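Here are the chains, one letter per residue:
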Amino acid sequence: MDKSNIIDLIYEKQLRLLKFKQDKWNAKNSVPITNTEWSILSLIYGKLPTISELAQQLGITRQAAHKTIKALDAKGLIVINPVENNNRNKCIKLTPLGEEYYHENQKIKNEMEKEIGQKIGQDKLNLLKELLKGDWN
């Protein structure tokens with residue numbers, strides 16, 4: 001396999017960055033949070049999605065989403081409420097602690113972006129961001 005394949009390069013960088021961010025968080029905080037949990041917290045922030053919607057957005061099963069949501073609930077980061085006129089679906093909302101953690105995580109990501117900009121140069125970082133935001137379809 002060619003290690004210079006763009007898909008492999010992006011995937012490897014993503015894995016390293018996610019691990020680095022997770023390690024940085026866990027070193028500063030007593031409540032460990034997985035990357036899947038961070039993904040769900042990011043999707044919840046400012047919204048009231050259902051478990052089904054979260055599962056669909058993440059491309060995971062409803063059962064997998066439910067398991068992660070239960071873990072976030074046990075950590076006090078989210079509240080699970082029934083959806084009006086629907087006993088089956090539940091909507092998810094961040095608690096004040098969940099919002100605080102979300103903002104702390106954003107700070108870590110901003111610090112990491114700044115460090116990357118210092119290593120590769122701000123112009124290259126800006127170009128990379130523009131390329132990644134672009135429509136590749």
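Residues numbered from 1 in each chain as written. Predicted model: local features only at pLDDT ≥ 70, side-chain atom pairs only at ≥ 80, totals over all residues. Heavy atoms only, no water.

### Concerning the side chain of N105
In plain terms, the rule: Helix and strand definitions follow DSSP, with helices as H or I runs of at least four residues and strands as E runs of at least two, each counted in order from the N terminus. Partly exposed residues are those whose accessible area sits between 20% and 50% of the maximum for their type, while under 20% is buried and over 50% is exposed, using a 1.4 Å probe and protein chains only. Contacts between residues were defined by any pair of non-hydrogen atoms, one from each residue, lying within 4.5 Å.
Examined against the element boundaries, N105 turns out to sit in helix α5 (residues 96-120). For N105, a relative accessible area of 1% corresponds to the buried category. Residues within four places of N105 in sequence aside, it is in contact with K21, W25 and W38.

### Brief notes about the nonpolar core
What counts is decided by this rule: Nine residue types can take part in a nonpolar core, namely buried Ala, Val, Leu, Ile, Met, Phe, Trp, Tyr and Cys, and a core is a set of them joined through side-chain atoms within 4.5 Å.
By size, the foremost hydrophobic cluster in this structure holds 19 residues, and its most contacted members are I33, L41, I44, I69, I78 and I92. Residue contributions to this core peak at 4 residues, all from helix α2 (residues 35-44). Among residues more than four places away in sequence, those in contact with I33 are Q22, W25, N26, W38, L41, K75, L77 and Y101.

### Comments concerning the pairing of strand β2 (residues 86-94)
Convention followed: At least two bridges found by DSSP between two strands are what make those strands a pair.
As judged from the 6 bridges shared by strand β1 (residues 78-83) and β2, these two strands associate in the antiparallel manner. When the sheet's bridge partners are listed, V83 is paired in β2 with N86. Taking the residues between adjacent antiparallel strands as the criterion, β1 and β2 are bridged by 2 residues, where N85 takes a positive phi near 60 degrees.

### Considerations on the packing of aromatic side chains
Applied cut-off: In summary, the pairing rule links any two rings of Phe, Tyr or Trp, Trp by its six-membered ring, whose centres are within 6.5 Å, and it sorts them by plane angle into stacked for under 30 degrees, edge-to-face for over 60 and tilted for everything else.
Summed over the entire model, instances satisfying the criterion amount to 3 aromatic pairs. Measuring from ring centre to ring centre gives 4.9 Å for W25 and W38, while their planes differ by 85 degrees; the resulting arrangement is edge-to-face. Of the two residues, W25 is situated in helix α1 (residues 6-28) and W38 in helix α2; the sequence distance between them amounts to 13 residues. Judged by its relative accessible area of 0%, W25 is buried. The interplanar angle of 65 degrees and the centroid separation of 5.0 Å between the aromatic rings of W25 and Y101 together place this pair among those described as edge-to-face. In this pair, W25 sits in helix α1 while Y101 sits in helix α5, placing the two residues 76 residues apart along the sequence. Per residue, the accessibility class of W25 equals that of Y101, and both read buried. Members of the aromatic cluster, each reached through a chain of ring pairs, are W25, W38 and Y101.

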